Amino acid sequence: MHADSGQHGGMDTTYNLRLRDCLLGAQMLFVAFGSLVLVPLLTGLNSNVALFTAGVGTLIFQICTRGKVPIFLASSFAFIAPIIYGAQTWGMALTLGGLFCSGLVYVLLSLLIRWRGMGIILRLLPPVVTGPVIVVIGLVLAPVAVNMALGKSGDGAQQLVPENTAMIISMASLAATVLVSLLGRGFLRLVPILCGITVGFGTALWLGVGGWDKVLAAPWLALPAFTFPEFSLEPILFIIPITLAPAIEHFGDIIAISSVTGRDYLKDPGIKNTMLGDGLATMAACAVGGPPNTTYSEVTGAVTLTRAFNPAVMTWAALCAILLSCVSKLGAFLASIPTPVMGGIMILLFGAIMVVGLNTLVRAREDLMEARNMVIVALIIIFGVGGMQFSIGSFKLGGIGLAAVTGVLLNLFLPRRRE
């Protein structure tokens, strides 16, 4: 009798632990949700597909890292500008083909690290290259954010909402995001984007912009609307160089989660395996119409706050994302958010991306007045922001891609200062 009650007690404890992990996983997904759906909302990709691929990508990452790292993978901001440009230039299917190949770059980098060690990547992509490239990503996106905040389409060609009305909505959205970021406490501080969307959407409805028609018309449950990639050399060569900056950011994310948990994930399971997981997750996402995946710093913040160091929590977050991707009304709601709401948040977001690039240079303590560094940084930024293009026949390389390639080549071939 006693043994039987002990067995039941053990089962109850296991059940309670699983229930707790499930609830923590749902909370982690909620923290990542605003940023996760922001990329598809800005680029024209399907939000439900992005949720599905975030869940699948996280599970793939856990398999590659043997379930050792408590981290969640979802939509990467670094690819917002390339997706917008690629969709306008070649169409979404060919752009997805280029993005699929960006995941292949991660896989090749992981093999290179296996072969030569982590130092080879840091020599190829030092902060003097990656910092300015990240700055360029933020600056190139700035006009898109301002246009949307003013009620226009991203390219500024169409006025979707009257300008004065759009300004009220976008500034309400921006102000809420900023205030929650600065003054929010505890869990609230981890969801500033969701707070900004909520306040902006409420303001828009109050001013008579937007509505619930799409949400009411959508069914409750449906499979995500998958889109499949097509392949062409030009978009592939345009997108691949942009992969270098988020690849370096991946190091920072793994170092951050290592410092939070007190375990060195650079050694076990190793950066070679975390990079492989990131690459395979990105390839899987882009194969069905989702944005490239990356490790999420918001979730690292939530892990810090909740002390939920068990990687199984992220399994539950991934499963919640996959289930939520089948709720069709959620996708319809996200698609109905007015343009100025997203524009207000984007102003802060893209500015923050630029600041991350500047901080990369500051933390590396690079002397930017030293001739070699000055040349590399100057040409990366001017080529990227100025819209410089390099053409051979029908092939063109420009903007962010050209800036990244220029930085890598200059770093490799410019002579170094003699000590």
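Note that the structure is predicted; figures quoted are calculated from it, not measured.

1. Topic: the overall build of the protein chain
Part 1 of the reasoning: A count of helices and strands for the protein chain gives 18 helices and four strands.
Part 2 of the reasoning: In terms of overall size, the protein chain behaves like a compact globule, its C-alpha atoms giving a radius of gyration of 22 Å where 419 residues would be expected to give roughly 22 Å.
Part 3 of the reasoning: If you line up the protein chain on its principal axes, its C-alpha atoms span 80 × 55 × 45 Å.
Part 4 of the reasoning: For the protein chain, with 419 residues in total, the buried portion stands at 52%.
Part 5 of the reasoning: Counting only contacts in the protein chain whose residues sit at least 6 apart along the sequence, the fraction spanning at least 24 positions is 81%.
Part 6 of the reasoning: Carbon and sulfur atoms form 67% of the exposed surface of the protein chain, whose accessible area is close to 18600 Å².
Part 7 of the reasoning: Within the protein chain, the 18 negative side-chain charges are centred at a point lying 7 Å from the centre of the 23 positive side-chain charges.

2. Overview of helix α2 (residues 47-64)
Part 1 of the reasoning: Over its 18 residues, α2 runs 26 Å from end to end, which matches the ideal 26 Å to within 8%, given 1.5 Å per residue.
Part 2 of the reasoning: For α2, the buried fraction is high: 14 of the 18 residues fall into the buried class.
Part 3 of the reasoning: Between a side-chain oxygen at the N-terminus of α2 and the backbone nitrogen of Asn 48 the separation is 2.8 Å; the capping residue is Asn 46.
Part 4 of the reasoning: Trailing α2 by a residue or two, Arg 66 shows a phi angle of about 55 degrees, which is positive.

3. Quick word on the packing of aromatic side chains
Part 1 of the reasoning: Tallied over the full model, the rule gives six aromatic pairs.
Part 2 of the reasoning: Where Trp 90 meets Phe 238, the ring centres are 5.5 Å apart and the plane angle is 55 degrees; that geometry is what we call tilted. On the criterion of sequence distance, the pair formed by Trp 90 in helix α3 (residues 80-90) and Phe 238 in helix α10 (residues 233-239) is long-range, its members being 148 residues apart. Take Trp 90 and Phe 238: they sit in the same class, and that class is buried.
Part 3 of the reasoning: Taking the centre distance of 5.2 Å and the plane angle of 85 degrees together, the rings of Phe 201 and Phe 333 count as edge-to-face. Here Phe 201 is found in helix α8 (residues 192-206), whereas its partner Phe 333 is found in helix α15 (residues 328-335), with 132 residues between them in sequence.
Part 4 of the reasoning: Judged by relative accessible area, which is 6%, Phe 201 ranks as buried.
Part 5 of the reasoning: The ring of Trp 115 has Arg 116 sitting right over it, with the charged end atom 5.3 Å from the ring centre.

4. Focus on the environment of Leu 111
Part 1 of the reasoning: Inspection of the secondary structure assignment puts Leu 111 in helix α4 (residues 92-116).
Part 2 of the reasoning: On the basis of relative accessible area, Leu 111 is assigned to the partly exposed category, the value being 45%.
Part 3 of the reasoning: Between the alpha carbons of Leu 111 and Gly 386 there is a distance of 35 Å; along the sequence they are 275 residues apart.

Here is what the cut-offs are and how they apply
- Residues numbered from 1 in each chain as written.
- Predicted model: local features only at pLDDT ≥ 70, side-chain atom pairs only at ≥ 80, totals over all residues.
- Heavy atoms only, no water.
- Helix = DSSP H or I, 4+ residues; strand = E, 2+ residues; numbered from the N terminus.
- Rg over C-alpha atoms; globule rule 2.2 N^0.38 Å.
- Buried < 20%, exposed > 50% of the residue type's maximum accessible area, 1.4 Å probe, protein only.
- Contact = heavy atoms within 4.5 Å.
- Areas by Shrake-Rupley, 256 points an atom, 1.4 Å probe, with all protein chains shown as cover.
- Lys, Arg positive; Asp, Glu negative; His and termini not counted.
- Charge placed at Lys NZ, Arg CZ, Asp CG, Glu CD.
- Expected span 1.5 Å × (residues − 1).
- Polar contact = N/O pair within 3.5 Å; in protein donor to acceptor, adjacent residues only side chain to side chain.
- Phe/Tyr/Trp six-rings, centres within 6.5 Å; stacked < 30°, edge-to-face > 60°.
- Lys NZ or Arg CZ within 6 Å of the ring centre and 35° of its normal.

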